[in-house]
Amino acid sequence: MANKLIMKKAVMFSLASLVLIAVTGVARAQNLTLEGQTGGFITPTAYVVQSAKGSVFSRPSLGFHYVEAGSVIGNIYTGSITEGIANRAEVGYTRSAHTNGDNPYFSSLWEYSGMNVFHGKGVVVKEDSFGGKWMPGVAAGFVVRTGDHFVTGAIDSKTYTNGDVYVSATKTMADVHVPLLLNLGWKATNASIYGIGGQATRFGGRLFGGVGFPLPGPWGTAIVPAAGFTQEPPHVKNLAALVPGGGHIPTTLDYAVRITQREHPRFSFDVGVGQVAGQIGYTELPTPLGPAVVPVNLDARKVFGIGASYKF
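Residues numbered from 1 in each chain as written. Predicted model: local features only at pLDDT ≥ 70, side-chain atom pairs only at ≥ 80, totals over all residues. Heavy atoms only, no water.

Some remarks on the overall build of the chain
Stated precisely, the cut-off is as follows: Runs of H or I in DSSP of at least four residues are treated as helices and runs of E of at least two as strands, each being numbered from the N terminus. Only C-alpha atoms enter the radius of gyration, while the globule expectation follows 2.2 Å times N to the 0.38, with N the number of residues. Burial classes: relative accessible area under 20% of the type maximum marks a residue as buried, over 50% as exposed, and values in between as partly exposed (1.4 Å probe, protein chains only). The protein chains shown are the only cover counted for residues, whose accessible areas, like all others here, come from Shrake-Rupley with a 1.4 Å probe. Counting rule for charge: Lys and Arg are taken as positive, Asp and Glu as negative, and neither His nor the chain ends is counted. Where a charge lies is defined by one atom per residue type, namely NZ (Lys), CZ (Arg), CG (Asp) and CD (Glu).
Regarding its fold elements, the chain presents three helices and 15 strands. A compact globule built from 312 residues would reach a C-alpha radius of gyration of about 20 Å, and the chain, at 19 Å, matches this within 12%. Overall, the chain is about 70 × 40 × 30 Å in size when its C-alpha atoms are taken along their principal axes. The buried share of the chain, taken over its 312 residues, is 52%. Per element, the accessible surface of the chain, about 13,400 Å² overall, is 64% carbon and sulfur. Here the chain contributes 24 positively and 18 negatively charged side chains, and the mean placements of these two sets differ by 7 Å.

What follows is the structure, encoded as structure tokens:
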């Protein structure tokens, strides 16, 4: 039954930066993540927004995403704008907006309108450099989130700033028997679930990655089914006040599909599901019969999302 729901509902929280290209391997730039970088639904790749020949600055890429994160967390809407620089770098801004869930016990941890996200990324090594067709592209980047009140800030009534510093290696393999898009990266972060889960207890390293299969679709489209993962910091700052031991945030998994144009793509559409956080621990709540120990379930193990990007 769970597998049928996953196949039926389809994007998620972290499309793990792999569903990015047409089968011909051209123009990946218009595909923006939930936080505005070039990449998949959540995780950045080693590509950047492309500038036209002879131009230093690109035309802007715009992205919109919607994530239905369950009855506890609520819904997330993001709008992004990203500008490429000389086919070597990109910078951008995302406004992440939030609507409340309706869980009477835990949704108050997310009763805030959203946060601001700033990002930048630069290509360190271009794909296929040094004459090697197996050479992946390598990029380094950063994310800064401001005005984050979620979870940690809800408990101590403060506003937090958190961020990531990351390196990503990405390789498009269009000449093999089954075309592949591979992505693997490492980030140092002090944010839980990209700031949506609040502040991590420390700044630490996490892995992300995935694999996609670019396939030709009808009417000149490319269809890219994909699966991926993103490790999350295991504990959230201040959460131990509600969940003994601070709870435990599991690795995010995703199963998704991207549809884009096969040649010179400007538009892409993402749809999929993912597994974020379900039961993270136990807490004690008052009842008519006295205090009772109950599970803390964030109801986000079947997250649904859609996204679209357009490059002018």
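There is more to say, and it comes next.
Some details on the side chain of R145
Stated precisely, the cut-off is as follows: Any two residues whose heavy atoms approach within 4.5 Å are treated as being in contact.
Relative to the helices and strands, R145 is located in strand β5 (residues 137-148). Look at R145 and you get buried, because its relative accessible area is 0%. Once residues lying within four places of it in the same chain are set aside, the contact partners of R145 are E35, M115, N116, V117, Y160, T161, N162, G163, D164, A191, Y194 and G195.

Concerning the packing of aromatic side chains
For the record, the criterion: What counts as a ring pair is set by centres within 6.5 Å for rings of Phe, Tyr and Trp (its six-membered ring), and what kind of pair is set by the plane angle: stacked under 30 degrees, edge-to-face over 60, tilted for all other angles.
Under the defined criterion, the tally for this structure stands at four aromatic pairs. Between Y105 and F106, the ring centres sit 6.3 Å apart and the planes meet at 55°, which makes this aromatic pair tilted. With relative accessibility at 51%, the residue Y105 sits in the exposed group. F106 sits in the buried class, given a relative accessible area of 10%. Both rings, one in Y310 and one in F312, keep their centres 5.2 Å apart while their planes meet at 85°; by these two values the pair is edge-to-face. The partly exposed category is assigned to Y310, whose relative accessible area is 34%.

Examining the pairing of strand β8 (residues 199-212)
Defined as follows: Strand pairing is assigned whenever DSSP detects at least two bridges linking the two strands.
Taken together, the ten bridges between strand β7 (residues 180-191) and β8 define a ladder with antiparallel strand orientation. Bridge assignment links G185 to a residue of β8, and that residue is F208. Relative to strand β10 (residues 221-230), β8 runs antiparallel, the two sharing five bridges. Bridge pairing in β10 links V211 to A227.

Overview of empty space enclosed by the protein
This is how the line gets drawn: Definitions used for this entry: grid spacing 1 Å over protein atoms alone; cavity, a set of points where a 1.4 Å probe fits but cannot get out; pocket, an open set with protein on both sides within 12 Å along at least 5 of 7 lines; lining residue, one with an atom within 4 Å of a point. Grid points are joined across faces, edges and corners, and a volume is the space filled by probe spheres set on the points. Residue polarity follows a fixed list, in which Ala, Val, Leu, Ile, Met, Phe, Trp, Tyr, Cys and Pro are nonpolar, Asp, Glu, Lys and Arg are charged, and the others, Gly among them, are polar.
As a volume, the largest cavity reaches approximately 130 Å³. For the lining of the largest cavity, the residue count by class is 15 nonpolar, one polar and no charged. In this structure, the second largest cavity occupies an estimated 60 Å³ of space. Lining the second largest cavity, in full, are E35, Q37, I42, T43, P44, V143, D164, Y166, K187, Y194 and F208.

What to know about the nonpolar core
For soluble globular proteins, the rule of thumb is that nonpolar side chains tend to be buried together. For the record, the criterion: We define the nonpolar core as a collection of buried residues of types Ala, Val, Leu, Ile, Met, Phe, Trp, Tyr and Cys that are connected through side-chain atoms lying within 4.5 Å of one another.
With 29 residues, the main nonpolar core has V67, W110, V151, I280 and L298 as its most contacted residues. Put simply, the parts of the chain that give this core at least two residues each are α2 (70-73) and β13 (279-285). Among residues more than four places away in sequence, those in contact with W110 are V72, I73, H98, N100, F150, V151, I196 and L298.

Re the environment of F57
Considering the arrangement of structural elements, one finds F57 in the loop between α1 (2-9) and β1 (61-68). We classify F57 as exposed; its relative accessible area is 54%. Along the primary structure F57 and A89 are separated by 32 residues, whereas in three dimensions their C-alpha atoms are 9.7 Å apart. Contacts of F57, omitting those with residues within four sequence positions, involve S51, E83, G84 and I85.

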